[in-house]
Amino acid sequence: VSETNTVHMRHFNRMISFNDSTGVLVAETGVLAADIIDSFLPRGWFLPVTPGTKFVTLGGMIAADVHGKNHHVDGSFGNFVDWIEVMEPDGSVTRCSARKNAALFDWTVGGMGLTGVILRAALRLRPVDTAWIRQNLQPTADLEETIDAFEAAQEATYSVAWIDCLSRGAQQGRSLVMLGEHATLEDLPKPRRRRPYETRRKRKLSVPLTPPAVLMNGLTVRTFNSLYYWNGTRNAGTGLVDWDSYFYPLDAILNWNRIYGRRGFAQFQCVLPLDASRAGLQALLGAISQAGAGSFLAVLKRMGPQQRRFSFPMEGYTLALDFPVSPRTLRLMERLDDITLAHGGRFYLAKDSRMSADTLRRSDPRTEDFLKMRQSKARQTAFASAQSERLAL
Amino acid sequence: MTTRAVLILGARSDMALAIAHRFGKAGHPIQLAARDAQSLAAERDDIALRYNVEVTLHEFDALDTARFAGFVDGLPVLPHIAVCAVGYMGAQAENQTDPDAATRVLRSNFEGPALILAELANRFEARGSGTLVGISSVAGDRGRATNYVYGSAKAGFTAFLSGLRNRLAKEGVHVITVLPGFVATKMTEDMDLPEKLTAQPEEVAEAIQRAVTSGRNVIYVRRIWWLIMLIIRNIPEAVFKKMKI
């Protein structure tokens, strides 16, 4: 809109209709993922694909075409969107879907809000028997084992790994691989079966102050990671986890971003094509542990094949990391950019806050077509973001 | 889940809708009353879908006092909780020169709200239960040059609620006076309000629900307003009349 104003959609958040038999929810796009869960989990429905936080809007999930722990079997969020209504620069509203006005649909899902304003959407929810996940936790000793665990778990509904990005040598890439299935009624202990959608409300923790950034150094992260890994090896095996703890562990800690200090943090997430994944991940982890600038939150995930015009996912492995911002970590992230490019990977725009326009173009040949789309109907002048300006989109 | 219906009068405002959401979330059936009630269909559907409760729309004009009895008769059930969120600020400059404008403000903030709650009060009294919630204003605590037409109507409403509470205290009917202070709504969106003193509509709704549950009588939504109004009420008139606040 302008440099100082953004389009605020949070108040455009009414639910319009819900079909009990198909699970299709029609809503305005300011509705939060948390609202959808609050309203429909008690009735036996859950989000078909969810990112790692529930404090995101429906419109945001569409614009970023978010993926979840089930990407390898279900694909990204857009696969469950029956249609969207998009307001284009001239104010006209077009309903589009994979069949009708398919080009606009395909560009908008994953288009980072740059094709128009997504006003309303129809989302197909997933039926679930309970609010619980049957989790299987497998510690792995190195990268090779981690990848093998993912490849062996292609049938699992959910799979994700916390990876110790600072471990070196023989332990490089050791992880806690977490597989998950929606628990059935029989999976629950008897007393819970009468109220399968009820979980205990968790107490919210909060980070009360911003510690100095120096607390986040190689030593503390290395120590934390070792303890976390060790704890994981003790809890290996199968157990029941409630939906909130399984999908949204960080949502339980208010202001968790403060642990990165006053200057905040930057995120890095890339995906590498399957055949280049092992070599690429090895190089990425090598660079990170060499720099000693790891993060507590390093997540590895196998992605399934996917075709959409500008969405992030592709078949292969995605690595996501958070770093406290400093000149050193920014340089490291540029190094990670180069390694990703060398292995034919690309970057997740929903996480990016620092990549260069040149890196984007080198990573993703689809950018030129996206630009042509942006130039049609004067979209480029009507809709821009700080990111679109930095990336010259 | 509860079957105790909540009636919300003047349901179009941000505050009223936040209250409807709050009670809907707690499982109450909701009755939304406003002018041109059908235009609230999207809000009705939203609340009904989110909380799986019944939501109904009812035509209600706070200035059409002759129809109040018929309006209450037309509700699907006599509610257990009735919240009056009717209000209209107008512009003070116009209110002090144009009697029609002033009349509209006086009737919208005093006559209409008082008489509809009076109608409901009599029926609640006959039943022997219920809670009436009147949303008045700190502007009614002392008249000020900048909005005394609105303020005096709210003062009247506050006094009316106080009297109603006194009368019904022994009859099983509870009356709550809500003094929200500044609230970030469409009515105040052009004003430059201090953040620390300004509540979100959801805060007002939460405070009202808590007051209903715990049986409070008079509530300031943000506690600081109790202190501010205590001070404002106690400034000697000789000083107050020369102040610009």
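Procedures and definitions
Residues numbered from 1 in each chain as written. Chains lettered and ligands numbered in written order. Predicted model: local features only at pLDDT ≥ 70, side-chain atom pairs only at ≥ 80, totals over all residues. Heavy atoms only, no water. Buried < 20%, exposed > 50% of the residue type's maximum accessible area, 1.4 Å probe, protein only. Helix = DSSP H or I, 4+ residues; strand = E, 2+ residues; numbered from the N terminus. Arc of directions from axis to C-beta. Contact = heavy atoms within 4.5 Å. Salt bridge = Lys/Arg side-chain N within 4 Å of Asp/Glu carboxyl O. Buried area = accessible area lost by both parts, 1.4 Å probe. Polar contact = N/O pair within 3.5 Å; in protein donor to acceptor, adjacent residues only side chain to side chain. Pairing = 2+ DSSP bridges. Axes fitted to C-alpha atoms, helices over the stretch in contact; angles between N-to-C directions. Patch = residues over 30% accessible without salt bridge, like charges linked within 9 Å, V, L, I, M, F, W, Y side chains within 5 Å. Areas by Shrake-Rupley, 256 points an atom, 1.4 Å probe, with all protein chains shown as cover. Core = buried A, V, L, I, M, F, W, Y, C linked by side-chain atoms within 4.5 Å.

**Considering helix α12 (residues 367–375) of chain A**
All names here are of chain A.
Then step 1. All of the buried residues in α12 are Thr367, Phe370, Leu371, Met373 and Arg374. Around the axis of α12, the buried residues are gathered within 160° of arc, so they sit on the same side.
Then step 2. Tucked into the core, α12 has its buried residues touching α4 (102–108), α11 (357–363), α13 (379–382) and α14 (386–390).
Then step 3. Immediately downstream of α12, the backbone of Lys377 shows phi near 55°, a positive value.

**Focus: the pattern of salt bridges**
Residues and elements named next belong to chain A.
Then step 1. This structure, assessed with the given rule, holds 39 salt bridges over all chains.
Then step 2. For Glu315, the salt bridge goes to Arg302, with nearest N and O atoms at 3.2 Å. Taken together, the residues Glu315 in the loop between β15 (298–303) and β16 (316–324) and Arg302 in strand β15 connect sequence positions 13 residues apart.
Then step 3. We classify Glu315 as partly exposed; its relative accessible area is 33%.

**Some details on the interface of chain A and chain B**
Interfaces are often sized by the accessible area lost when the parts come together.
Then step 1. Contacts between chain A and chain B engage twelve residues on the former and nine residues on the latter.
Then step 2. Among the residues chain A hides against chain B, the three largest losses belong to Arg14, Met15 and Arg43 of chain A. Together they make up 61% of the total.
Then step 3. Our count for the chain A to chain B interface comes out at two salt bridges.
Then step 4. One salt bridge connects Glu43 of chain B with Arg14 of chain A, and the closest N-O pair in it is separated by 2.7 Å.
Then step 5. The interface formed by chain A and chain B contains seven residue pairs in polar contact (both at pLDDT 80 or more).

**Examining the sheet that holds strand β12 (residues 237–242) of chain A**
Residues and elements named next belong to chain A.
Then step 1. An order of β12-β8-β10-β9-β15-β16-β14-β17 is seen for the eight strands of this open sheet, with the pairing classed as antiparallel. Edge positions in the sheet fall to β12 and β17 (346–347), since each has one partner strand and no second.
Then step 2. In this sheet, β15 lies alongside strand β9 (residues 158–163) in antiparallel orientation, the contact comprising two bridges. Within β15, the residue paired with Ala161 across the bridge is Leu300.
Then step 3. Its contacts with the sheet place helix α10 (residues 327–342) against β14 (265–273), β16 and β17, and it is angled at close to 10° to β14.

**Looking at a nonpolar patch on the surface**
All names here are of chain B.
Then step 1. Nonpolar side chains collect at one region of the surface, where Ile224, Trp226, Leu227, Leu230 and Ile231 lie side by side and expose about 450 Å² of accessible area between them.
Then step 2. Residue placement: Ile231 occurs in helix α8 (residues 224–234).
Then step 3. Using a relative accessible area of 49% as the deciding quantity, one classes Ile231 as partly exposed.

**Quick word on the nonpolar core**
Generally speaking, soluble globular proteins have nonpolar side chains that are buried together.
Then step 1. Grouped together as the largest cluster of nonpolar side chains are 97 residues, with contacts concentrated most on Ile84 and Leu336 of chain A.
Then step 2. With 36 residues, the next largest nonpolar core counts Ile19, Val83, Ile135 and Ala199 of chain B among its residues.

**What to know about the sheet that holds strand β6 (residues 117–124) of chain A**
All names here are of chain A.
Then step 1. Taken together, five strands build an open sheet; the order of strands is β1-β2-β6-β4-β5 and the sheet is antiparallel. Because the sheet does not close on itself, it has two edges, and the strands there are β1 (15–18) and β5 (93–96). Looking at each pair of strands side by side, their axes are set apart by 15° on average, direction ignored.
Then step 2. The pairing of strand β4 (residues 81–87) with β6 spans six bridges and is classified as antiparallel. Counted as the bridge partner of Glu85 is Arg120 from β6.
Then step 3. Docked against the sheet, helix α1 (residues 33–40) engages β1, β2 (24–28) and β6, running at close to 40° with respect to β1.

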